[in-house]
Amino acid sequence: MAQRVSRVLIVGGGIGGLSLASALRDRGLAVDLVELQKEWTVYGVGIIQQCNVVRAMADLGLVDRYLDAGFPFEAVGMYAPDGRLLAKIPGQRLAGPQYPANLGISRLALHRVLSGAAMEKGTAVRLGTTVERLDQDDAGVDVTFSDGTSGRYDVVVGADGLYSKVRGLLFGNEYRPRHTGQSVWRHNFPRPAEIDHLAAFTGPDGNAGLCPLSRDLMYLFVTSEEPGNPRMPADQLHTLMRDRMKGFGGLIGALRDQITDPAQVVYKPMEVLMMPAPWYRGRVVLLGDAVHATTPHLGQGAGMAIEDAVVLAELLPQDAPLGDLLARYMERRYERCRFIVDSSIMVGEWEMARRHDVDRIGLVKKMLEVTAQPV
């Protein structure tokens, strides 16, 4: 008879790790979570959560508090650089007719929802700690932590991001992220009434967009080509972001001149990773950016991590050999995540090649079709 999983260690307190912790506690498993940061701060501005992510949050039982923390919306608008509307693509209410298709939410608000739920449900959280060593046998994993303590677990989950320590312990330096040649710039603004949906603008050199986050707040993002991944001086970020917006008119152009404080600009190079199957060895498994980090072009990076958590939480408590359960995890997640990563990279390559003749609207519709499928 298979040994059932009862005690899990999650390494990483980001979106995927917290989602998994909450879901496993709902199923009665003991969960420890370690997070390297001593202060649980959140990097970034806002995040786009599309119809499949709203469905996943409903699966996690968190959808009501999640929706209360953000701005629900129904459609994606595609715009020309001068602000002309080209198409409006409706979302699907995958979580049920009573719930919206999409949500914009600040990263801080999302973190508060996920961390609050995980700890309320009894997750044992330790900050300023990560793993140093993993020693597996047929029955469990002996873990040595960076603070000198140790523990034994049935399963260890690496949810520790793009530069995953757990991935390194399992696979060495075999899989490493790469810079795509692009970066993204973000800035918050007061939300005008007309930005009640995700507004995506195709520019001459990159894309821009506006996403509502709350009744009073939205964020602006702009992508740009940055060959060689240069270091940007922190005191010049406002000037550099305005420069990357010079090809836009309309509302994007009007917002450009309001970017005056470099401390309000969040700049991030785009780095990607698509690790081949399997994403596990023995009793240690990876999720989220540790195995499928993508660009923001399709707004699905965090969503894929949340879906990973939903699937793992469904599988791990089952009475079956762990190897079979993790193989099912790969069957359900690999192709879906690969489609998102490959398609997102492709959009960035179109931008860098100045390909304005491609069917971006068709790609968005295809992405919505794929992500609407069950996970």
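Structure's up top.
Report on the accompanying structure. (Residues numbered from 1 in each chain as written. Predicted model: local features only at pLDDT ≥ 70, side-chain atom pairs only at ≥ 80, totals over all residues. Heavy atoms only, no water.)

## A word on helix α9 (residues 301–315)
Structurally, the α-helix is built with 3.6 residues per turn, so residues lying three or four positions apart point the same way. For α9, with 15 residues, the first-to-last C-alpha span of 22 Å sits near the 21 Å given by 1.5 Å per residue. Counting buried positions over the 15 residues of α9 gives 13, a clear majority of the element. (Helix = DSSP H or I, 4+ residues; strand = E, 2+ residues; numbered from the N terminus. Expected span 1.5 Å × (residues − 1). Buried < 20%, exposed > 50% of the residue type's maximum accessible area, 1.4 Å probe, protein only.)

## Re the sheet that holds strand β12 (residues 155–158)
Reading across from one edge, β8-β2-β1-β12-β19-β18 is the order of the six strands in this open sheet, with mixed pairing throughout. Only two strands of the sheet have a single partner each, and these edge strands are β8 (124–127) and β18 (280–281). Of the pairings in the sheet, the one linking strand β1 (residues 7–11) to strand β2 (residues 30–35) comprises five bridges and is parallel in character. Across the sheet, the residue bridging to Val8 is Val31, located in β2. Its contacts with the sheet put helix α1 (residues 15–26) on β1, β2 and β12, and the angle it makes with β2 is roughly 165°. (Pairing = 2+ DSSP bridges. Contact = heavy atoms within 4.5 Å. Axes fitted to C-alpha atoms, helices over the stretch in contact; angles between N-to-C directions.)

## Let's talk about the pairing of strand β9 (residues 131–136)
Here β9 pairs with strand β10 (residues 141–145) via five bridges, running antiparallel. Bridge assignment links Val131 to a residue of β10, and that residue is Phe145.

## With respect to the state of the cysteines
Note on terminology: a disulfide is the covalent bond linking the sulfur atoms of two cysteines. Enumeration according to the criterion identifies zero disulfides in this entry. Left unpaired, Cys211 is separated from the closest cysteine sulfur, that of Cys51, by 14 Å. Cysteine Cys337 is unpaired, with the sulfur of Cys51 as its nearest cysteine sulfur at 15 Å. (Disulfide = S-S within 2.5 Å.)

## A short note on helix α4 (residues 107–120)
Taking 1.5 Å of rise per residue, the 14 residues of α4 would be expected to cover 20 Å, and the 20 Å separating its terminal C-alpha atoms lies within 8% of that figure. Every buried residue belonging to α4 is among Ala109, Leu110, His111, Val113, Leu114, Ser115, Gly116, Ala117 and Ala118, and all of these are buried. Looking at the buried positions of α4, the neighbouring elements they touch are α1, β3 (46–49), α2 (51–59), α3 (63–68) and β7 (102–106). Gly122 occupies a position one or two residues after α4 and carries a positive phi of about 105°.

## Let's talk about the packing of aromatic side chains
Applying the stated rule across the entire model yields six aromatic pairs. Note on Trp279 and Tyr334: the rings are 5.9 Å apart at their centroids and 55° apart in plane angle, and the pair reads as tilted. Of this pair, Trp279 sits in the loop between β17 (266–274) and β18 while Tyr334 sits in helix α10 (residues 322–352), placing them 55 residues apart in sequence. For Trp279, a relative accessible area of 0% translates into the label buried. (Phe/Tyr/Trp six-rings, centres within 6.5 Å; stacked < 30°, edge-to-face > 60°.)

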